[in-house]
2 protein chains.
Amino acid sequence: MQARFTLYYWPIPFRGQFARYLLTYAGEDWAEADAEDVASLYRADPADQPFPMMAPPFLHDREGDVWLSQMPAIANYLGDILGLMPGTPAQDALTLKVLGDCNDVLEAMTCNSGAAMWTDDTWETFTEDRLPEWLNLFEELGQRHGLTPDAGTFLGTAQPGVADLACAALWGTILDKLPALRPLLNAQAPAVMALSRRLADTPPLARLRAGQAARWGDLWCAGQIEASLRDVLTHWHDKNP
Amino acid sequence: MQARFTLYYWPIPFRGQFARYLLTYAGEDWAEADAEDVASLYRADPADQPFPMMAPPFLHDREGDVWLSQMPAIANYLGDILGLMPGTPAQDALTLKVLGDCNDVLEAMTCNSGAAMWTDDTWETFTEDRLPEWLNLFEELGQRHGLTPDAGTFLGTAQPGVADLACAALWGTILDKLPALRPLLNAQAPAVMALSRRLADTPPLARLRAGQAARWGDLWCAGQIEASLRDVLTHWHDKNP
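Residues numbered from 1 in each chain as written. Chains lettered and ligands numbered in written order. Predicted model: local features only at pLDDT ≥ 70, side-chain atom pairs only at ≥ 80, totals over all residues.

## Some thoughts on the sheet that holds strand S1 (residues 5–8) of chain A
Residues and elements named next belong to chain A. Keep this limit in mind: Pairing between strands is defined by DSSP: at least two bridges between them are needed. The secondary structure listing takes helices from DSSP runs of H or I that are at least 4 residues long and strands from runs of E that are at least 2 residues long, numbered from the N terminus. Lines are fitted to the C-alpha atoms to define the axes, a helix being fitted only along its stretch in contact, and any angle between axes, read from their N-to-C directions, falls within 0 to 180 degrees.
In spatial order, the strands read S2-S1-S3-S4; together these four strands make up an open sheet with mixed pairing. The open sheet is flanked by strand S2 (30–32) and strand S4 (66–69), the only strands paired with a single partner. Within this sheet the neighbouring strands show an average axis-to-axis angle of 20 degrees, counted without direction. Summarising the sheet, S1 and S2 pair through three bridges and their orientation is parallel. Within S2, the position partnered with Phe5 by the bridge is Trp30.

Here's what the structure looks like:
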């Protein structure tokens, strides 16, 4: 049977990981579009697209023929359908805030999707300044909702929801793919990293991650920016073992 | 009586304009925090903030003591409260997609919030490439929902909602503050620009704009990046009168 959802994204985790984590955690099957189809949909003029969209991830929901772009819009939509939103206006809005924060961290980690390349100096500044700020912010938000390294959820909900899975898709994937950052992340945001690992280690997500690792190795955001990131990480790790 | 909502943002339109347009259009009163309060809240450690947030705009809703950051989260929350969301899962998600697109246009117009400065060359490329792409995308999305230069709404809803007001807050403000761009914007996205002007010219929004112009003049995003933008716009306008 044809899956209800198709995800159009490059064959890497990065911004596509959020939809994949939500679908996998909820036990929902989906199809991954071929990289060629992703590229041609991305390059097409808005008039020739099934729906006017700038950059992947794109989600197609066959039910109602809904097309979406923008990671937070996709995650919020899937969260609604899969029963993973908290369900109160304030906590649903807070979930959107967290998705926006996750998107901003991805931008920060990639110098705005590769608008610049990392240098040892800019990376040093980032790891002393903006990255710890983001980690403190996530940790503080989780702790205020009762999250500890051993238990709890990111927004204090009874069950993990979109915000928890977004943390796992962001931080859990960085822990997987950029191991040189583990000491810093675990030290600065112990409860958030433990939550991310707990979710990433649930059997369906563990299977997803193993499959991705088998196909894509340690690719994270790909491109020249990933090469630049790995380059500075190597130097930085030698100084911060 | 103390207003229910307080908006914390710099004294400029830019990312603060979305919440202001929604509140004003809905006839809801709100307080603007002093610039000093915005700055101190922005600089505070997450542990000392009423709520862990990275960068303005911040919204405080006294009812329920809800704090939010991230423009799309704020706009979605206000849209829910003010009755300005379409109200179906697909169109609500599409509204979030539009808010994400608006945020991306602001980032593109400011070289990622001033991460780089404009040069005549990068601006020339932007106005031949990415800016027309964004304009085509918005125009195509509106036209597919029946929007024309004379009538209609951005998502085909019976009344203007968050997506329409977001268009006005984005494109209408650019038309106001960066008049050198008017010919390009009106030529590439006539229906979207007409919608933006129609909404911006409704009496409450016209009063808001007049008050902002009296206080802030033609400031748009402020800072060195606005100086750089105005610089390249002057050269570009001389070549594209």
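## Quick word on the confidence of the model for chain A
Applicable threshold: The pLDDT score gives, residue by residue, the confidence of the prediction method on a 0 to 100 scale.
The share of residues in chain A with pLDDT of 70 or more is 100%, and the mean pLDDT across the chain is 97. Confidence estimates for the predicted assembly give a pTM of 0.97 and an ipTM of 0.97.

## A look at the environment of Leu184 of chain A
Along the polypeptide, Leu184 of chain A turns up in helix H9 (residues 182–188). Taking the C-alpha atoms as reference, Leu184 of chain A lies 9.3 Å from Asn240 of chain A; in sequence the two are 56 residues apart.

## Structural notes on the interface of chain B and chain A
Operational definition: Here, residues touch in the contact sense if the C-beta positions derived from the backbone fall within 7 Å of one another. We call Asp, Glu, Lys and Arg charged. Ala, Val, Leu, Ile, Met, Phe, Trp, Tyr, Cys and Pro are nonpolar, and the rest, Gly among them, are polar.
If you look at the interface, chain B gives 30 residues, while chain A gives 30 residues. Elements that contribute at least two residues to the side of chain B that touches chain A include exactly strand S4 (66–69), helix H3 (71–82), helix H4 (89–109) and helix H7 (130–144) of chain B. Among the elements that line the side of chain B that touches chain A, the one with the most residues is H4 of chain B, at eight residues. Grouping the constituent residues of the side of chain B that touches chain A by class yields 17 nonpolar, seven polar and six charged.

## Overview of the domain arrangement of chain A
Residue and element names in this part refer to chain A. The following threshold applies: Throughout, the edges of the domains are those of an automatic or database domain assignment.
Per the domain assignment, the segments making up chain A are domain 1 (5–82) and domain 2 (89–239). Taken together, the contacts link 19 residues of domain 1 with 24 residues of domain 2. Of all the elements, helix H1 (residues 17–25) adds the most residues to the side of domain 1 that touches domain 2, at seven residues. Taken together, the residues that form the side of domain 1 that touches domain 2 break down as 12 nonpolar, five polar and two charged.

## A word on the environment of Leu41 of chain A
Residues and elements named next belong to chain A. Among the secondary structure elements, Leu41 is positioned in helix H2 (residues 35–43). Sequence separation between Leu41 and Met53 is 12 residues; the distance between their C-alpha atoms is 8.8 Å. Beyond its immediate chain neighbours, meaning those up to four positions away, Leu41 contacts Tyr8, Gln49 and Phe58.

## Considerations on the nonpolar core
Threshold: Under the definition applied here, buried Ala, Val, Leu, Ile, Met, Phe, Trp, Tyr and Cys residues are grouped into a nonpolar core through C-beta atoms within 7 Å. Backbone-placed C-beta atoms define the burial measure: a residue is buried with 20 or more other C-beta atoms within 10 Å of its own, exposed with 12 or fewer, and partly exposed in between.
Counting 144 residues, the largest nonpolar core has Leu22 and Ala166 of chain A together with Leu22 and Ala166 of chain B as its most contacted members. Contacts of Leu22 of chain A, omitting those with residues within four sequence positions, involve Ala75, Leu78, Gly79, Leu82, Leu84, Val162 and Leu165 of chain A.

## Here's the deal with the environment of Gln212 of chain B
Residue and element names in this part refer to chain B. Its location among the elements puts Gln212 in helix H11 (residues 203–216). Residue class for Gln212 comes out buried when judged on the 20 C-beta atoms lying within 10 Å of it. Residues Gln212 and Ile12 lie 200 residues apart in sequence; the distance between their C-alpha atoms is 8.0 Å.

## Quick notes on unusual backbone geometry
Most peptide bonds are trans, and most residues other than glycine sit at a negative phi. Following Pro56 of chain A, the chain continues to Pro57 of chain A via a peptide bond in cis, the omega torsion being 5 degrees. The phi dihedral of Asn112 of chain A falls on the positive side, at around 55 degrees, and the residue is not glycine. In this model, Phe14 of chain B sits at a positive phi of 35 degrees, which is unusual for a non-glycine residue. Inspection of the secondary structure assignment puts Phe14 of chain B in the loop between strand S1 (5–8) and helix H1 (17–25). Overall, Phe14 of chain B belongs to the buried group, with 25 C-beta atoms counted inside 10 Å.

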